[in-house]
2 protein chains.
Amino acid sequence: MKKGKVSNAVIRRLPRYYGQLDSLYQVGVVRISSSALGKAMNLTASQIRQDLSCFGEFGQQGYGYNVESLRDEIAEILGMNQGHTAIILGAGNLGRALIHNFQFSQNGFRLTAAFDTDPAIVGKSIAGVPVYSIDQLDEYLAGHPTSVGVLTVPQTVALTTAQRLIAGGVKGIWNFTNIELGIRDEGVVVENVHFADSLLALSYLITPRSSENSEE
Amino acid sequence: MKKGKVSNAVIRRLPRYYGQLDSLYQVGVVRISSSALGKAMNLTASQIRQDLSCFGEFGQQGYGYNVESLRDEIAEILGMNQGHTAIILGAGNLGRALIHNFQFSQNGFRLTAAFDTDPAIVGKSIAGVPVYSIDQLDEYLAGHPTSVGVLTVPQTVALTTAQRLIAGGVKGIWNFTNIELGIRDEGVVVENVHFADSLLALSYLITPRSSENSEE
């Protein structure tokens, strides 16, 4: 792997490369040129070559990429083979939606537990995932080193729960609470899921413009 | 508003500008320089000036931006004052999480109805939002022109539901199903929410690198 800083924009495109290559692989495509891959992803061929050059040498001049091996190399770069684990904090509607419908394992994560305060579900399991009391969180983390905490708790307890996750040694927090956690330089990465940003971009795109063609 | 095509990257930053300016306004900041705004958002001052120049003249040389008026102008650009409406398709866990917790109104949308197949909830309302049978969708859209359909149905019916939304005249689909709808050039904008891309970026960021310093 090459030295040097990888820009946030490139990091954001890596999962899209992975998804696109995996789709191509699933439908039987063996080989693809950077220009064809670019076309499918709305990027230029040179953008793709430049992005991938951050991580080493891929493909052969004039011969394109082997879809399966490039997909696998990007999976490796993304850390999908690291055995990452995740726990869900808050098994309300959103937490449950993720437990039932989000394919953690397809993204290289093992979902090991959920935590909630509701006595009606604590001690049971949801879709095979055991639900513990939030009071057991610190003890659980001490015994089960965990990569990522998925934060789907109510906003009022978002920050305190995040602090317990950090004290318990998680490496990342996947934050759905729309609370700015303000965590920096503690060796913990916070990935915020901002539904609002997505809806506002859609709002922009469906709003008629008088003198402008904004689309694409 | 200036003519010319606004890049996707700029469109994606607009909601972040809005959010940042609104936070500043809430805590009483009246005026901010492009460099201070940039610092708060991890962008350069010239990037911010360039982004905003797509939409006209803002701020005064050497004097910065008025926080409230820039926020309001960006809200206008984002279409937050257009009276957009939204309906939710599929009131399962994710649909319910959005009904209960997502602030549609704060983002310029009025959530007018939800649709589901479950007889236990059809005819009732969730957090004040009426739940109709999915069989009533076409009739509803005919009588209630709707800006955006929020697609939280099971994957198996994602495409057919999207087609009914398009036939019913929606302008945008906020797609949470992780199904590529493949809708183009029908005058309908699809905004995909890809949870996986977000988790994979987090996976990348928490994965140790041997010879690289990727972090910000």
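Look up: the structure comes first, before these words.
This one's a predicted model, so the numbers in the text were calculated from it and none came from an experiment.

Visitor: Would you mind going over helix 4 (residues 67-77) of chain B with me for this structure?
Guide: Count 3.6 residues to each turn of an α-helix, and residues three or four apart come out pointing the same way. Buried within helix 4 of chain B are the following residues: Val 67, Leu 70, Arg 71, Ile 74, Ala 75 and Ile 77 of chain B. Projected down its long axis, helix 4 of chain B carries its buried residues within an arc of 160 degrees, all on one side. Elements that come into contact with the buried residues of helix 4 of chain B comprise helix 8 (195-206) of chain A together with helix 1 (8-26), strand 1 (31-32), helix 3 (45-53) and strand 2 (65-66) of chain B. The opening residue of helix 4 of chain B, the one whose side-chain oxygen lies 3.1 Å from the backbone nitrogen of Glu 68 of chain B, is Asn 66 of chain B.

Visitor: I'm lost on unusual backbone geometry in this one. Help?
Guide: Note: most residues except glycine have negative phi, and most peptide bonds are trans. Even without being a glycine, Asn 42 of chain A presents a positive backbone phi close to 65 degrees. Examined against the element boundaries, Asn 42 of chain A turns out to sit in the loop between helix 2 (34-41) and helix 3 (45-53). With a relative accessible area of 59%, Asn 42 of chain A lands in the exposed category. Look at Asn 178 of chain B: it is not a glycine, yet its phi comes out positive at around 65 degrees. Summarising the element assignment, Asn 178 of chain B is placed in the loop between strand 8 (172-175) and strand 9 (189-192). Asn 178 of chain B sits in the partly exposed class, given a relative accessible area of 44%.

Visitor: Please clarify how the environment of Thr 146 of chain A should be interpreted in this entry.
Guide: Residue and element names in this part refer to chain A. With respect to the helices and strands, the residue Thr 146 is situated in the loop between helix 6 (137-143) and strand 7 (148-151). The spacing of Thr 146 and Thr 85 is 61 residues in sequence and 5.4 Å in space, taken between C-alpha atoms. A distance of 2.7 Å separates a polar side-chain atom of Thr 146 from the backbone oxygen of His 144.

Visitor: So what exactly am I meant to see when it comes to the interface of chain A and chain B here?
Guide: Interface extent is often summarised as the accessible area lost during association of the parts. If you look at the interface, chain A gives 60 residues, while chain B gives 61 residues. The contact between chain A and chain B buries some 5300 Å² in all, and 67% of this surface belongs to carbon and sulfur atoms. Together, Leu 199, Leu 200 and Ile 206 of chain A form the three largest contributors to the area buried by chain A at its contact with chain B, with a combined 13%. Summed over the shared surface of chain A and chain B, the number is zero salt bridges. Residue assignment for the side of chain A that touches chain B shows that the elements contributing at least two residues are helix 1 (8-26), helix 5 (93-101), strand 8 (172-175), strand 9 (189-192) and helix 8 of chain A.

Visitor: Sorry if this is basic, but what is going on with the packing of aromatic side chains here?
Guide: In this description, a pair of aromatic rings is defined by centroid distance and the angle of the planes. Here the structure, examined in full by the defined rule, presents 23 aromatic pairs over all chains. Both rings, one in Phe 115 of chain A and one in Tyr 140 of chain A, keep their centres 5.3 Å apart while their planes meet at 75 degrees; by these two values the pair is edge-to-face. With Phe 115 of chain A in strand 4 (residues 109-116) and Tyr 140 of chain A in helix 6, the pair connects residues that are 25 residues apart, well separated along the chain. Relative accessible area serves as the criterion here: at 0%, Phe 115 of chain A is assigned to the buried category. Both rings, one in Phe 104 of chain B and one in Trp 174 of chain B, keep their centres 6.4 Å apart while their planes meet at 90 degrees; by these two values the pair is edge-to-face. Taken together, the residues span a long stretch of sequence, with Phe 104 of chain B in the loop between helix 5 (93-101) and strand 4 (109-116) and Trp 174 of chain B in strand 8 at a distance of 70 residues. Trp 174 of chain B carries the same exposure label as Phe 104 of chain B, and that label is buried. For Arg 209 of chain A, the ring lying beneath its charged end belongs to Tyr 204 of chain A, and the centroid distance is 3.9 Å.

Visitor: Sorry, what's going on with the sheet that holds strand 4 of chain B here?
Guide: Sheet strands pair by backbone hydrogen bonding; their relative direction is either parallel or antiparallel. All names here are of chain B. Pairing in this open sheet of seven strands is mixed, and the strands run 5-6-4-3-7-8-9 from one edge to the other. In the strand order of this sheet, the two ends are held by strand 5 (125-126) and strand 9, each with one partner. Bridge count for strand 4 against strand 6 (residues 129-133) is three bridges, and the pairing is parallel. Along strand 6, the bridge assignment pairs Phe 115 with Tyr 132.

Visitor: It is not clear to me how the side chain of Asp 51 of chain B should be interpreted in this structure. Could you clarify?
Guide: All names here are of chain B. Within the secondary structure layout, Asp 51 lies in helix 3. The buried category is assigned to Asp 51, whose relative accessible area is 2%. Separated by 2.6 Å, the side chains of Asp 51 and Tyr 17 make a polar contact. Among all residues touching Asp 51, those that are not within four sequence positions of it are Val 10, Arg 13 and Tyr 17.

Calculation criteria
Sequence order as written defines the numbering, with residues in each chain counted from 1. Just so you know, chain letters begin at A and ligand numbers begin at 1, following the order they were written in. It should be noted that, the model being predicted, local features are given only for residues of pLDDT at least 70 and side-chain atom pairs only at 80 or more, the latter also being counted only at that level, while totals for whole chains, interfaces and linings use all residues. The basis for every side-chain value is the complete set of non-hydrogen atoms in the structure, without hydrogens or water. Relative accessibility decides the category of a residue: with a 1.4 Å probe and only protein chains considered, values under 20% of the type maximum give buried, values over 50% give exposed, and everything between is partly exposed. Secondary structure follows DSSP: runs of H or I at least 4 residues long count as helices, runs of E at least 2 residues long count as strands, and numbering of each begins at the N terminus. Note that the arc is computed from the directions linking the helix axis to the C-beta atoms. Contacts are assigned to residue pairs with any non-hydrogen atoms lying within 4.5 Å of each other. Side-chain atoms alone can form a polar contact between residues adjacent in sequence; in general such a contact is a pair of N or O atoms within 3.5 Å, and within protein one must be able to donate a hydrogen while the other accepts it. Here's the idea: put two parts together, see how much 1.4 Å probe accessible area each one loses, and the total over both is what we call buried area. Salt bridge, as used here, is a side-chain nitrogen of Lys or Arg placed within 4 Å of a carboxyl oxygen of Asp or Glu. Note on aromatic pairs: the rings of Phe, Tyr and Trp (six-membered ring only in Trp) are paired at centre separations within 6.5 Å, and the planes decide the class, stacked below 30 degrees, edge-to-face beyond 60, tilted for the rest. Charge over a ring is defined by NZ of Lys or CZ of Arg lying within 6 Å of the ring centre and within 35 degrees of the ring normal. By this definition, two strands are paired if DSSP reports at least two bridges between them.

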